[in-house]
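Structural overview
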Amino acid sequence: MQRRKFIMALGGAAATWPFVARAQQAAKRMRRIGALIGFAEDDPATQRRVAAFLKVLADLGWTPDRDVTIDFRYGAGDADRNRAFAKELVGLNPDVILTTSTSATAAMQRETSIIPVVFVTVSDPVGSGFVASLPRPGGNITGFINVEGSIGGKWLELLKEVAPRTKRAGLMFNPAIATYFDYYWKPFEAAARAAGVTPIPLPVGNVADIEQAFATRDRDDGLVLMSDAFLTVNRVLINEKALQFRVPVVAGISQSGSLISYAPDIEDLFRRSASYVDKILRGASPADLPVQLPTKFQLIINLNTAKALDLTVPPTLLASADEVIE
């Protein structure tokens, strides 16, 4: 009788083993990702980019709340928020962290040299000290570069092409966020001098600075928005002021409100970043994953803005546009 009870108990325990094993395996599969997004959470563009990242991540086998836990924080173009959220995310001890913007990546670098970090939309990762070189990052950080510094000259050329009367051109940036200013300024300055335009650095630290910058522009002034998370967050205000003070603006951030924007396809970079997060979760080292360049750029021209500013966009420029707003 005792032997029969023992066998029955053993059989019952054995029947539970597969379920226990599966539960243990599921627990092992659940990983954690931290994400410090440098933009505003309620921005539709930010939401599209995050959705693109999550879609590719799911396609690669990582579905949130099933295979992976993802903790999102949004810096909204604020260096202090980035620093606070970086500390918070590192405290959660994730397996890998996604960062967007130079400011967010710098904040994360200060908090950890161990947890792997994949960045998106960083302008100068070597100059900022994030990686040793693009092909050989060498540490715990790698990712997807925003644009090369030479694009600063291209922005100036576009401004001069669509607003040929431009005599002075300001390069707007937030010093607390865009610590990589020289990366774009040098080619911007060289292109301006070659075109007979006076280049002007235009630092802005808050909304009042943006308003003041436009209020003091002259009739023959033009403006270029540097690739900068603070300017991205405040792009609607900038576009409103550009129309109010009749200032032609070329944006280095992808958007449809400026006269012209020329920038990489950030949504595509978010998609591509998911592949690196996947590789790291499967055991790859960020030190061995080369920093990659953007492969898709978007030239957007707003004819409504051109009309409001009494500007005529050359047909050759229109023909090369990826999107024309009418």
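Note that the structure is predicted; figures quoted are calculated from it, not measured.

Spatial strand order, E2-E1-E3-E4-E5: 5 strands in an open sheet with parallel pairing. In this open sheet, the two strands that pair with only one neighbour each are strand E2 (68-74) and strand E5 (141-145). Within this sheet the neighbouring strands show an average axis-to-axis angle of 15°, counted without direction. Note that strand E3 (residues 96-100) and strand E4 (residues 117-122) share 4 bridges and pair parallel. Bridge assignment links Leu-98 to a residue of E4, and that residue is Val-118. Against the sheet, helix H2 (residues 44-59) touches strand E1 (31-37), E2 and E3, its axis set at about 165° to E2.

It is worth spelling out the packing of helix H7 (residues 207-215) against helix H9 (residues 235-244) at this point. The description of two packed helices rests on the angle between their axes and on the distance between the axes. Close contact between H7 and H9 brings their axes to 10 Å; oriented N to C, the two are set at 20°. By the angle class used here, H7 and H9 are roughly parallel. Both H7 and H9 take part in a crossing whose hand is right-handed. Residues Val-207, Ile-210, Glu-211 and Phe-214 of H7 touch H9, and the partners they reach there are Leu-237, Ile-238, Lys-241 and Ala-242. Among the residues making up the contact of H7 with H9, the classes are represented as 6 nonpolar, no polar and 2 charged.

Here the focus is the pairing of strand E11 (residues 297-302). With 5 bridges connecting them, strand E10 (residues 260-264) and E11 associate as antiparallel partners. Note on E11: the bridge partner recorded for Ala-263 is Gln-298. Across 3 bridges, E11 lies against strand E12 (residues 323-325) in parallel orientation. Residue pairing across strands places Ile-301 opposite Val-324, the latter belonging to E12.

In this section: unusual backbone geometry. In the Ramachandran plot, Asp-65 falls in the positive-phi region, its phi being about 70° despite a non-glycine side chain. Its place among the elements puts Asp-65 in the loop between H2 and E2. Relative accessible area serves as the criterion here: at 68%, Asp-65 is assigned to the exposed category. Unlike most non-glycine residues, Arg-246 shows phi in positive territory, near 55°.

A word on the pattern of salt bridges. Taken as a whole, this structure holds 19 salt bridges when the rule is applied. Asp-43 is the salt-bridge partner of Arg-235, the closest N and O atoms lying 2.6 Å from each other. Here Arg-235 is found in helix H9, whereas its partner Asp-43 is found in the loop between E1 and H2, with 192 residues between them in sequence. On the basis of relative accessibility, which here comes to 15%, the residue Arg-235 falls in the buried class. Asp-43 gets classed as buried once you look at its relative accessible area, which sits at 9%. Salt bridges sharing partners connect three or more residues here, namely Arg-168, Arg-217, Asp-218 and Asp-221.

So, how was this worked out
Residues numbered from 1 in each chain as written. Predicted model: local features only at pLDDT ≥ 70, side-chain atom pairs only at ≥ 80, totals over all residues. Heavy atoms only, no water. Pairing = 2+ DSSP bridges. Helix = DSSP H or I, 4+ residues; strand = E, 2+ residues; numbered from the N terminus. Axes fitted to C-alpha atoms, helices over the stretch in contact; angles between N-to-C directions. Contact = heavy atoms within 4.5 Å. Parallel < 35°, antiparallel > 145°, perpendicular 65-115°, else oblique. Left-handed = near helix turned anticlockwise from the far one by under 90°. Nonpolar A, V, L, I, M, F, W, Y, C, P; charged D, E, K, R; others polar. Buried < 20%, exposed > 50% of the residue type's maximum accessible area, 1.4 Å probe, protein only. Salt bridge = Lys/Arg side-chain N within 4 Å of Asp/Glu carboxyl O.

Coordinates in, geometry out; function isn't part of it.
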